[in-house]
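Structure at a glance
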Amino acid sequence: MHSRLHSIDLLRGLVMILMALDHVRDFFFTHTIDPTDLSQTTPSLFFTRWISHFCAPTFLLLAGVGAALSRLRGKSSSELASFLITRGLWLIFLEWCVVRTFGWAWNFDFTYLPCWVIWTLGWSMILLGLLVRLPTWLPATLGAILILGHHLADPIKSADFGAWGWLWTFLHDPGEVQSFGITFSAGYPLIPWVGVMMVGYGLGMCYAWEAWERRILLVVLGIFCVVLFLLLRASGLYGEGNTWIAQSTITGNVISFLNCTKQPPSLCYLLMTLGPVLLLLAWWDAGTGNWSKPFIIFGKVPMFFYLLHLPLIHGLCLLAAWWQTGAFPGWLFTNPPLGDMPASFGFPLWVSYLVWLLVVLALYPLCVWYAGVKQRNKSVWLSYL
């Protein structure tokens, strides 16, 4: 296997664009309204937030699939382990020193360090790198166990571990850790996120199969996830702490039903998102049309897009806030990022969609250029960006 798989690039590019919409909403829409609070939200606001739920699970799953594809393309276990561990460390560096500084916070006050999705991707790669010398079914099985069984650990809280509580915060009980005068914002606990990458690694091995066999597997797994989500969510027996409550309208019922917990991601949350993702992989595995080419471009250079989109959104927000208030928006330079956003600031939701479109269009030529650079230049260091 030597050629890139357009189905994977297409899916990755699509979720990158959806992620950008969510980040534009973070900067341009008021923080006084919680999109997932049924007493405050509107259907348009809820689904603008809900569609972004597909991003993080897809990132983790496809990162695992990508590791498997590297193995299928000839990388030895040692080479793959080395790559995953070094790239994981690189991602943690990017999260703390580049994404935080030039994307979210626009300051050099490193007393606040986010441990968000890029950080979790990094640690998940490191942990997967330690396991790739084992038979593939072992990390895949461990990942499935973490996804299916992590709710058994929900009653355990960080405070139960005393001085070692910080470790559980990073693993399963999201919150903030104070140490050496630094606040670590552990928003993406490793369990069960790392399990999603491990399952992706096992799933990626099916790309060595015949295409029709692979598609059948993806369809069966996708339908299984969707059906299991519907059963668990409707019954309330397991897999989600945020109980579904019947509403007075059909739309309200749908919103309540889909309103699953993201941190740590509940089993229902992961089934709800990964099920359709697997079905899309099966569908696009049979071929993609011309319409998909722009999305495939973004999917070929996801980290490049990520590192550019946040500074651009942040800069546009600075201009918009200055124009709206007539005063310099110092709150765009504080820790935690956007934590001091004034209640008076914010634009209608349609503005977020307009800015999102402008951001995507502005970044497309740069992504086309960099995709060409990566295609022409096979230097190893380019695989880290």
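Here the structure is shown first, and the text comes after it.
Residues numbered from 1 in each chain as written. Predicted model: local features only at pLDDT ≥ 70, side-chain atom pairs only at ≥ 80, totals over all residues. Heavy atoms only, no water.

Some details on the pattern of salt bridges
A full pass over the atoms with the stated rule returns six salt bridges. A salt bridge links aspartate 9 to arginine 12, with the nearest nitrogen and oxygen atoms 3.0 Å apart. With aspartate 9 and arginine 12 both in helix H1 (residues 6-28) and three residues apart, this pair spans about one turn of that helix. Using a relative accessible area of 1% as the deciding quantity, one classes aspartate 9 as buried. Classification of arginine 12 by relative accessible area gives buried; the value is 16%. Here arginine 49 and aspartate 22 are joined by a salt bridge, their closest N and O atoms 2.7 Å apart. Taken together, the residues arginine 49 in helix H2 (residues 43-50) and aspartate 22 in helix H1 connect sequence positions 27 residues apart. (Salt bridge = Lys/Arg side-chain N within 4 Å of Asp/Glu carboxyl O. Helix = DSSP H or I, 4+ residues; strand = E, 2+ residues; numbered from the N terminus. Buried < 20%, exposed > 50% of the residue type's maximum accessible area, 1.4 Å probe, protein only.)

Some remarks on the packing of aromatic side chains
Applying the stated criterion across every chain yields a total of 33 aromatic pairs. An angle of 10° between the planes, with centres 5.5 Å apart, marks the rings of phenylalanine 27 and tryptophan 104 as stacked. Linking phenylalanine 27 in helix H1 with tryptophan 104 in helix H4 (residues 77-105), this pair joins segments that are 77 residues apart in sequence. As far as the burial class goes, phenylalanine 27 and tryptophan 104 line up, both buried. (Phe/Tyr/Trp six-rings, centres within 6.5 Å; stacked < 30°, edge-to-face > 60°.)

Focus on the sheet that holds strand S1 (residues 112-115)
With mixed pairing, three strands are arranged side by side in an open sheet as S1-S3-S2. This sheet does not close on itself; its edge strands, each paired only once, are S1 and strand S2 (175-179). Here the strands of the sheet are splayed against their neighbours by 20° on average, with no regard to which way each runs. Judged from the four bridges that link them, S1 and strand S3 (residues 182-186) form a sheet pairing that is parallel. The residue of S3 that forms the bridge with tyrosine 112 is threonine 183. Packing against the sheet, H4 makes contact with S1 and S3, and its axis sits at approximately 105° to S1. (Pairing = 2+ DSSP bridges. Axes fitted to C-alpha atoms, helices over the stretch in contact; angles between N-to-C directions. Contact = heavy atoms within 4.5 Å.)

Some details on the packing of helix H3 (residues 55-72) against helix H5 (residues 117-129)
Where H3 meets H5, the closest approach of the two axes is 11 Å, and the angle between their N-to-C directions is 30°. Comparing the axis directions of H3 and H5 gives the class roughly parallel. Viewed along their axes, H3 and H5 form a crossing whose handedness is right-handed. Between H3 and H5, the contacting residues are Ala56, Phe59, Leu60, Ala63, Gly64 and Ala67 on the first element and Val117, Leu121, Ser124, Met125 and Leu128 on the second. (Parallel < 35°, antiparallel > 145°, perpendicular 65-115°, else oblique. Left-handed = near helix turned anticlockwise from the far one by under 90°.)

Focus: the layout of surface pockets
Over the atoms rolls a probe the size of a water molecule, and in doing so it shows where empty space is left. Space inside the largest pocket adds up to approximately 1,500 Å³. Around the largest pocket, the lining is made up of 46 residues, and of these Arg4, Arg73, Lys300, Lys374 and Ser383 lie nearest the centre. Those elements that provide at least two residues to the lining of the largest pocket are H1, H3, H4, H5, helix H12 (293-300), helix H13 (302-325) and helix H14 (349-376). Split into classes, the residues belonging to the lining of the largest pocket amount to 26 nonpolar, eleven polar and nine charged. By volume, the second largest pocket amounts to about 990 Å³. Along its surface, the second largest pocket is lined by 36 residues, and Asp22, Asp26, Arg49, Tyr188 and Lys262 are the ones closest to its centre. Listed by contribution, the elements that provide at least two residues to the lining of the second largest pocket are H1, H3 and H4. Examining the composition of the lining of the second largest pocket, we find that five residues originate from one element, H1, more than from any other. Broken down by class, the residue content of the lining of the second largest pocket amounts to 17 nonpolar, twelve polar and seven charged. (1 Å grid on protein atoms, 1.4 Å probe; cavity = no way out; pocket = protein on both sides within 12 Å on 5 of 7 lines; lining within 4 Å. Points joined across faces, edges and corners; volume = space filled by probe spheres on them. Nonpolar A, V, L, I, M, F, W, Y, C, P; charged D, E, K, R; others polar.)

What to know about the environment of tryptophan 50
Mapping tryptophan 50 onto the fold places it in helix H2. With a relative accessible area of 14%, tryptophan 50 lands in the buried category. Along the sequence, tryptophan 50 and threonine 36 sit 14 residues apart, while their C-alpha atoms lie 8.2 Å from each other. Look past the residues within four positions of tryptophan 50 in its chain and what remains in contact with it is Leu258 and Met272.

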